[in-house]
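Spelled out from the first residue to the last, the chains are:
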Amino acid sequence: MTHEPVNQAAPSVEASAPEMDSAGTSDRHEETPHKLSEALLKTFFTGLSWTAAARGLSSIGTAARYIVFVRLLKPSDFGVIASATLICSALMAATDPVMGQALVQQKDDIDPYLDTLLTTYFVRSLIIGLVLVVFSRPLGAFFHLGDAYTVFWAMVPLPILRAIQSPRLISLYRRLDFHFVTILNVSEVAASFIFGLIAVLYWRDWRGLVVSLLVGAAVRDILTYWLFPHWPRLSFSVARAKTMLSFGLWFSFGTLCDFVSKQLDNLVVGHLLGPASLGNYQMAFRAGEMPVAEFTTSAFVVTFPMVARLRDDTRARTRLLWSLLAVVAAVGVAYAAFILAFGAKTVLWLFGPAWIHAVAPLKVLCIYGLLQGFLVVGRSFLSGLGHPERYVIAAAARAGVLAIAIYPLTALHGPTGAAAAGVLSILVALPIMGYLLQQTGVGR
């Protein structure tokens, strides 16, 4: 197989490595690793600036959309859509083979794998849609949705739309061409806001939020084929699937543990307290983790492939790790201080008095967002070094602690207790993550 070309946007990465004579005694021999790592770090920060810009612009649009929608709808409407997205996301997390991440690390040509990748995810999305339809009534009863159980029918197209994006999008992460992320994110948010607002004004209930999600995903799909052309075919190769699954299964299990850690609280709040409380909790959760989550999401996209390139340069990896942790700490502490001081006034001003019950969990969840940021950075390094199985240890411990603590704390203290259970689970996982990073040779 031929090798994938190096990042077209940064040819200096390879050009910075001088050739040596046959004896390996070139005067520049000692400078080669240093120059290479410096060039890679420069590429990293360029990629991070693009992904941060993409996330920043999309966050502004998402925040504006959210503020407008909460003014037009009730907390229970957000609870209805949160129940459906929770189940939809749970099914996607439980069945995700995470095959695409294997191609990010692969050095060979990825073209022969793309149809197998697309076919796998498309069939999976059809199965998820069938489950949503068949179990819509029991799920509606579980979340106390009444006649709004039809939200599960309305959400059927969402996993399909997410499955049929161009599989060649993987090349974006392989070549670190992250300026395309800005186009995709901003276009998705803009479309979901415009069409969602029209639908919300027409229906004045949760159906407008469903339209917002579906239109945004559809626009993103169209753009992926425009920016990364690929003629899709339903074709499957067992051998190629095995190659991708060899890396992806561990990554998938870690993702599933992450999902449990992030969504089990929503499940318990929705079941014990109903859609109105779930709507308030969801708003608090998004607002609490937003600043750190936006940065770490951007950083993960770039760090994962970058760390893979820095496998042989411990010094550069360590510099990168501590730089990212310092930024997470600065952003998280500043935001937590702001929320603790002005959280109630901010919620009343932005969202109105109907959302005042979100203030108490928000003050806990801003601490959660800070701690979560540290875990995301650690995961990006373990995955980039080809050790996703090690992250599973920390993720499983976190999920286990949450599973034990979430029900009694929520029953006793409501949404604030659920938020406290989430913080407790991360406090247990963080020392484990630190130990795993040290054993992998990161951060020494």
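Residues numbered from 1 in each chain as written. Predicted model: local features only at pLDDT ≥ 70, side-chain atom pairs only at ≥ 80, totals over all residues. Heavy atoms only, no water.

Engineer: Just checking my understanding: could you explain the packing of helix α3 (residues 75–94) against helix α11 (residues 207–227) for this structure?
Structural biologist: Two packed helices can be described by the angle between their axes and the distance between those axes. Following both chains from N to C, one finds α3 and α11 inclined at 45 degrees, their axes separated by 9 Å at the closest point. Classified by the angle between their axes, α3 and α11 sit oblique to one another. Classified by chirality, the crossing of α11 by α3 is right-handed. In contact with Asp-77, Phe-78, Ile-81 and Thr-85 of α3, α11 contributes Leu-209, Val-210 and Leu-213. Taken together, the residues of the contact of α3 with α11 sort by class into 5 nonpolar, 1 polar and 1 charged. (Axes fitted to C-alpha atoms, helices over the stretch in contact; angles between N-to-C directions. Helix = DSSP H or I, 4+ residues; strand = E, 2+ residues; numbered from the N terminus. Parallel < 35°, antiparallel > 145°, perpendicular 65-115°, else oblique. Left-handed = near helix turned anticlockwise from the far one by under 90°. Contact = heavy atoms within 4.5 Å. Nonpolar A, V, L, I, M, F, W, Y, C, P; charged D, E, K, R; others polar.)

Engineer: Whenever I open this one, a nonpolar patch on the surface confuses me. Can you help?
Structural biologist: Among the surface-exposed residues, Leu-130, Val-133, Val-134, Phe-135 and Trp-153 lie close enough to one another that they form a single nonpolar patch of about 500 Å² accessible area. In terms of residue count, the dominant contributor to the nonpolar patch is helix α5 (residues 111–134) (3 residues). Checked against the element boundaries, Val-133 lands in helix α5. (Patch = residues over 30% accessible without salt bridge, like charges linked within 9 Å, V, L, I, M, F, W, Y side chains within 5 Å. Areas by Shrake-Rupley, 256 points an atom, 1.4 Å probe, with all protein chains shown as cover. Salt bridge = Lys/Arg side-chain N within 4 Å of Asp/Glu carboxyl O.)

Engineer: It is not clear to me how the packing of helix α15 (residues 359–384) against helix α16 (residues 388–439) should be interpreted in this structure. Could you clarify?
Structural biologist: The N-to-C vectors of α15 and α16 enclose an angle of 15 degrees; their axes lie 10 Å apart at closest approach. On the basis of the axis angle, α15 is roughly parallel to α16. In this structure, α15 crosses over α16, and the sense of that crossing is left-handed. Looking at side-chain class alone, the contact of α15 with α16 contains 23 nonpolar, 5 polar and 3 charged residues.

Engineer: Where do I start with the packing of aromatic side chains in this structure?
Structural biologist: Two descriptors summarise a pair of aromatic rings, namely the distance from one centre to the other and the angle between the planes of the rings. Tallied over the full model, the rule gives 10 aromatic pairs. Between Tyr-149 and Trp-153, the aromatic rings sit 5.5 Å apart at their centres with planes inclined by 90 degrees, giving edge-to-face as the arrangement. The class of Tyr-149 is buried, set by a relative accessible area of 12%. Consider the rings of Tyr-281 and Phe-285, whose centres lie 6.3 Å apart with planes at 45 degrees: the pair is tilted. Of this pair, Tyr-281 and Phe-285 both sit in helix α13 (residues 275–309), 4 residues apart, which is roughly one turn of the helix. By the burial criterion, Tyr-281 is buried, and Phe-285 matches it. (Phe/Tyr/Trp six-rings, centres within 6.5 Å; stacked < 30°, edge-to-face > 60°. Buried < 20%, exposed > 50% of the residue type's maximum accessible area, 1.4 Å probe, protein only.)

Engineer: It is not clear to me how the confidence of the model for the protein should be interpreted in this structure. Could you clarify?
Structural biologist: Interpreting fine coordinate detail is not advised for predicted regions of low pLDDT. Of the residues in the protein, 81% reach a pLDDT of 70 or more, and the chain-wide mean stands at 82. Ranking the elements of the protein by mean pLDDT puts helix α1 (residues 12–15) last, at 30, and helix α7 (residues 151–154) first, at 97. pLDDT under 50 marks residues 1–33. Its contacts with residues more than four places away, or in other chains, come to 43 contacts. (pLDDT = per-residue confidence, 0-100.)

Engineer: I would appreciate a short explanation of unusual backbone geometry in the present structure.
Structural biologist: Negative phi is the rule for most residues except glycine; trans is the rule for most peptide bonds. Here His-144, not a glycine, exhibits a phi torsion of approximately 60 degrees, which is positive. Turning to its location among the elements, His-144 is positioned in the loop between α6 (136–142) and α7. Among the residues examined, His-144 registers a relative accessible area of 46% and is labelled partly exposed. Positive phi values are uncommon outside glycine, yet Arg-204 reaches one of about 60 degrees. Within the secondary structure, Arg-204 sits in the loop between α10 (179–203) and α11.

Engineer: Can you walk me through the side chain of Ser-212 in this structure?
Structural biologist: Inspection of the secondary structure assignment puts Ser-212 in helix α11. Judged by its relative accessible area of 4%, Ser-212 is buried. A polar side-chain atom of Ser-212 sits 2.9 Å from the main-chain carbonyl oxygen of Ser-192. (Polar contact = N/O pair within 3.5 Å; in protein donor to acceptor, adjacent residues only side chain to side chain.)

Engineer: What is the right way to read the nonpolar core from this model?
Structural biologist: The nonpolar side chains of soluble globular proteins are, as a tendency, buried together. Ranked by size, the top nonpolar core spans 89 residues in total, and within it Phe-78, Val-151, Phe-152, Met-283 and Phe-381 carry the most contacts. Tallying contributions element by element places α16 first for this core, with 16 residues. Every residue in contact with Val-151, bar those within four places of it in the chain, is listed here: Val-80, Ile-81, Ala-84, Leu-145, Trp-206 and Val-210. If you look at the next biggest cluster of nonpolar residues, it comprises 11 residues, including Ile-110, Leu-114, Leu-117 and Ala-241. (Core = buried A, V, L, I, M, F, W, Y, C linked by side-chain atoms within 4.5 Å.)

Engineer: Teacher, can you tell me more about the pattern of salt bridges here?
Structural biologist: In a structure, side chains of opposite charge can pair up when their charged atoms sit close to one another. The final tally for this structure, using the stated rule, is 5 salt bridges. Among the salt bridges present, the one from Arg-168 reaches Asp-111, with a minimum N-O distance of 2.8 Å. In this pair, Arg-168 sits in the loop between α8 (157–163) and α9 (170–175) while Asp-111 sits in helix α5, placing the two residues 57 residues apart along the sequence. Residue class for Arg-168 comes out partly exposed when judged on its relative accessible area of 22%. By relative accessible area, which is 35% here, Asp-111 ends up partly exposed. Across the pair Glu-188 and Arg-220 runs a salt bridge, and its minimum N-O distance is 3.1 Å. Taken together, the positions of Glu-188 in helix α10 and Arg-220 in helix α11 put the pair 32 residues apart, joining distant regions of the chain.

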